[in-house]
Amino acid sequence: MTGTQSPLLALPGAVPAEGPDAGVAAHYGSIFGEQRELAAGRGFVDLSHRGVVTVTGADRLTWLHLLLTQHVSALPPQQAADALILSPHGHVEHALYLVDDGATTWIHVEPGTQQALIGYLESMRFFYRVEVADATAEYAVVYLPAGSTAPADGAAAVRELPYGRDLFLPRADLEKLTAGYGPAAGVWAHEALRIEGHRPRLGFETDHRTIPHEVDWLATAVHLQKGCYRGQETVARVHNLGRPPRRLVFLHLDGTEEKLPPHGTEVTVTGQDRPVGFVTSSARHHELGPIALALVKRNTPVDAVLLAGTVPGTQDVIVPQ
């Protein structure tokens, strides 16, 4: 669905997002106001640029269980789960956000990654009774914040989360169904609250060598007691015998700088020249001011003041040393 424009970009004040989030609104004219509304449990976020994949068939959960880092073979209907697909060396290749409704497993993924995911899943079908489909053209993801009283009527599936709900809505009815959800908020507001919540995002907090331990995905997307899956040896070895080479940190950035450090900005320790990591995501938060996530070397002192480019920032530990 890359290149597809959401019909909600026609809402008053909509400013299109760019980069990986192109196709939906960055904001609707009130960056901090939209964050406050979401934090108060009001409004919604159009995430219709995300990829949607469905898996049907009698073997769908037992089959997915063999491929994913998460324990899903007995996943109860309507219970949300996060999961990863790893490379043979344990590096993160895909992040899946799923729910099963008793007949279909609904999955949403980063924009534009669904075809690569489907290609891998199809290559692993073998004799299992499963069907994998790209449902992005038919269904759109919409986020409702925690505390929202908006009805989920019309949703094909709902992922209930501690911080809100992901709805899979028929794309043809997107405008009609969201009309009663309250004020629209853009992805900038959604990102600010994601960063505040320390929730990693594929392609932002990850690169080609990221392992789950580095970004705290062990807490949400990896089941450490489940059986074998691709990359499981690395997960077990690092968890049991060592520590990851890098760790995700939350940065409270100096608010005097006008510009936020973009993704990829080098991070150094104040007074030193050699980079210890890079900024993965940054945002302006309605209460905390400028904030960021960064991936740094494990041995970076936790009390060190870091420089994100030229912007000083103090750390909150997410992944222990």
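Note that this is a predicted model, so its numbers are computed, not measured.

Side chains three or four residues apart in an α-helix point the same way, a direct result of the helix having 3.6 residues per turn. Listed in full, the buried residues belonging to helix H3 (residues 114–123) are Gln114, Leu117, Ile118, Tyr120 and Leu121. Taken end-on, H3 shows its buried residues confined to a sector of 160°, consistent with a single buried face. Summarising the contacts, the buried residues of H3 are in contact with strand E4 (51–56), helix H2 (60–67), strand E5 (81–86), strand E6 (92–100), strand E7 (104–109) and strand E8 (131–134).

Checked against the element boundaries, threonine 69 lands in the loop between H2 and E5. The spacing of threonine 69 and leucine 253 is 184 residues in sequence and 34 Å in space, taken between C-alpha atoms. Ignoring sequence-local partners within four residues, the contact set of threonine 69 consists of Ala83, Leu84, Leu86, Ala221, Val222, His223, Lys226 and Tyr229. A polar side-chain atom of threonine 69 sits 2.5 Å from the main-chain carbonyl oxygen of alanine 221.

Moving on, we come to the sheet that holds strand E15 (residues 275–285). Read once around its circumference, the closed barrel built from six strands follows the order E13-E16-E15-E14-E17-E18, with strand pairing classed as antiparallel. Each neighbouring strand pair of the sheet contributes to a mean axis angle of 40°, computed without reference to strand direction. With three bridges connecting them, strand E14 (residues 266–269) and strand E17 (residues 306–308) associate as antiparallel partners. For valine 267, the partnering residue across the bridge sits in E17 and is alanine 308. Sheet contacts for helix H5 (residues 187–196): strand E13 (246–253), E15 and strand E16 (289–297); angle to E15, the most-contacted strand, approximately 130°.

What follows concerns a nonpolar patch on the surface. Residues Ile31, Phe32 and Trp188 make up a contiguous nonpolar surface patch of about 280 Å² in total accessible area. Here phenylalanine 32 shows up in helix H1 (residues 31–39).

The full count for this structure, using the stated rule, is four aromatic pairs. Taken together, a centroid distance of 5.6 Å and an interplanar angle of 50° make the contact between tryptophan 106 and phenylalanine 168 tilted. One end of the pair, tryptophan 106, is in strand E7; the other, phenylalanine 168, is in strand E11 (residues 164–170), and 62 residues separate them in sequence. We note that tryptophan 106, like phenylalanine 168, is buried. Ring plane angle 20° and centroid distance 4.7 Å describe the contact between phenylalanine 127 and tyrosine 128, whose orientation is recorded as stacked. Accessibility expressed as a relative area gives 68% for phenylalanine 127, which makes it exposed. On the basis of relative accessible area, tyrosine 128 is assigned to the partly exposed category, the value being 22%. In textbook terms, an aromatic cluster arises when at least three aromatic residues are bridged by ring pairs, as seen for Trp106, Tyr139 and Phe168. Sitting above the plane of the phenylalanine 204 ring, arginine 194 keeps its charged end 5.9 Å from the centroid. Lying over the aromatic face of tyrosine 163, arginine 199 brings its terminal NZ or CZ to 3.7 Å of the ring centre.

Rules of the game
- Residues numbered from 1 in each chain as written.
- Predicted model: local features only at pLDDT ≥ 70, side-chain atom pairs only at ≥ 80, totals over all residues.
- Heavy atoms only, no water.
- Buried < 20%, exposed > 50% of the residue type's maximum accessible area, 1.4 Å probe, protein only.
- Helix = DSSP H or I, 4+ residues; strand = E, 2+ residues; numbered from the N terminus.
- Arc of directions from axis to C-beta.
- Contact = heavy atoms within 4.5 Å.
- Polar contact = N/O pair within 3.5 Å; in protein donor to acceptor, adjacent residues only side chain to side chain.
- Pairing = 2+ DSSP bridges.
- Axes fitted to C-alpha atoms, helices over the stretch in contact; angles between N-to-C directions.
- Patch = residues over 30% accessible without salt bridge, like charges linked within 9 Å, V, L, I, M, F, W, Y side chains within 5 Å.
- Areas by Shrake-Rupley, 256 points an atom, 1.4 Å probe, with all protein chains shown as cover.
- Salt bridge = Lys/Arg side-chain N within 4 Å of Asp/Glu carboxyl O.
- Phe/Tyr/Trp six-rings, centres within 6.5 Å; stacked < 30°, edge-to-face > 60°.
- Lys NZ or Arg CZ within 6 Å of the ring centre and 35° of its normal.

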